[in-house]
Amino acid sequence: MARELNMVLEDHVDPNAGRRILPAGENAFLNGVVKPLYEVVRAEVEIGCNGIAPHNEWRNCDDINEYFWSRRCFEELNWPLDESSRFFKNAGKTGFVERRLFWSLLRSFYRLWP
């Protein structure tokens, strides 16, 4: 994708067409990449009731970020993005599920109290 962007920005000529390489259409990146990912995040916010639902029932930004840093991301999403992949469906948690308790807060900040 980065190579294609550089070719567009540097006005490279497509050897097959004999013309400048152009983007895939009006708002192609927005519609093909940003919008599907935004829809996933928006759906997770709705599932999580704006952060009120239990943390282990929905993916938050950390879970989605963890997914994008994994090899699984490239194997499942492909390029262009495969919107039928498991990621775009409600796949549940992708990694570590943190159990939040009141005592966890105290344990995290125990150094603050003498």
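For the structure itself, consult the block above.
Fair warning: this is a prediction, and the values are worked out from it, not measured in the lab. (Residues numbered from 1 in each chain as written. Predicted model: local features only at pLDDT ≥ 70, side-chain atom pairs only at ≥ 80, totals over all residues. Heavy atoms only, no water.)

On to the pattern of salt bridges, then. Across all of its chains, the model carries one salt bridge by this definition. The residue E39 makes a salt bridge to R42 at a minimum N-O spacing of 2.8 Å. You can see E39 and its partner R42 sitting in helix α2 (residues 28-47), three residues apart, about one turn around the helix. Of the residues examined, E39 reaches a relative accessible area of 30% and is grouped as partly exposed. With relative accessibility at 40%, the residue R42 sits in the partly exposed group. (Salt bridge = Lys/Arg side-chain N within 4 Å of Asp/Glu carboxyl O. Helix = DSSP H or I, 4+ residues; strand = E, 2+ residues; numbered from the N terminus. Buried < 20%, exposed > 50% of the residue type's maximum accessible area, 1.4 Å probe, protein only.)

By volume, the second largest pocket amounts to about 220 Å³. In this structure, the second largest pocket is lined by ten residues; those nearest its centre are C73, F74, N78, W79 and L81. The set of elements that each furnish at least two residues to the lining of the second largest pocket consists of α2 and α4 (71-77). The greatest single-element share of the lining of the second largest pocket, amounting to three residues, is contributed by α4. Residues that form the lining of the second largest pocket fall into these classes: nine nonpolar, one polar and no charged. (1 Å grid on protein atoms, 1.4 Å probe; cavity = no way out; pocket = protein on both sides within 12 Å on 5 of 7 lines; lining within 4 Å. Points joined across faces, edges and corners; volume = space filled by probe spheres on them. Nonpolar A, V, L, I, M, F, W, Y, C, P; charged D, E, K, R; others polar.)

With that out of the way, let us pick up the packing of aromatic side chains. Under the defined criterion, the tally for this structure stands at four aromatic pairs. Ring plane angle 75° and centroid distance 5.8 Å describe the contact between Y67 and F68, whose orientation is recorded as edge-to-face. Overall, F68 belongs to the partly exposed group, its relative accessible area being 31%. Ring geometry for F87 versus F88: centroids 5.3 Å apart, planes at 80°, classification edge-to-face. Note on accessibility: F87 and F88 belong to one class, buried. (Phe/Tyr/Trp six-rings, centres within 6.5 Å; stacked < 30°, edge-to-face > 60°.)

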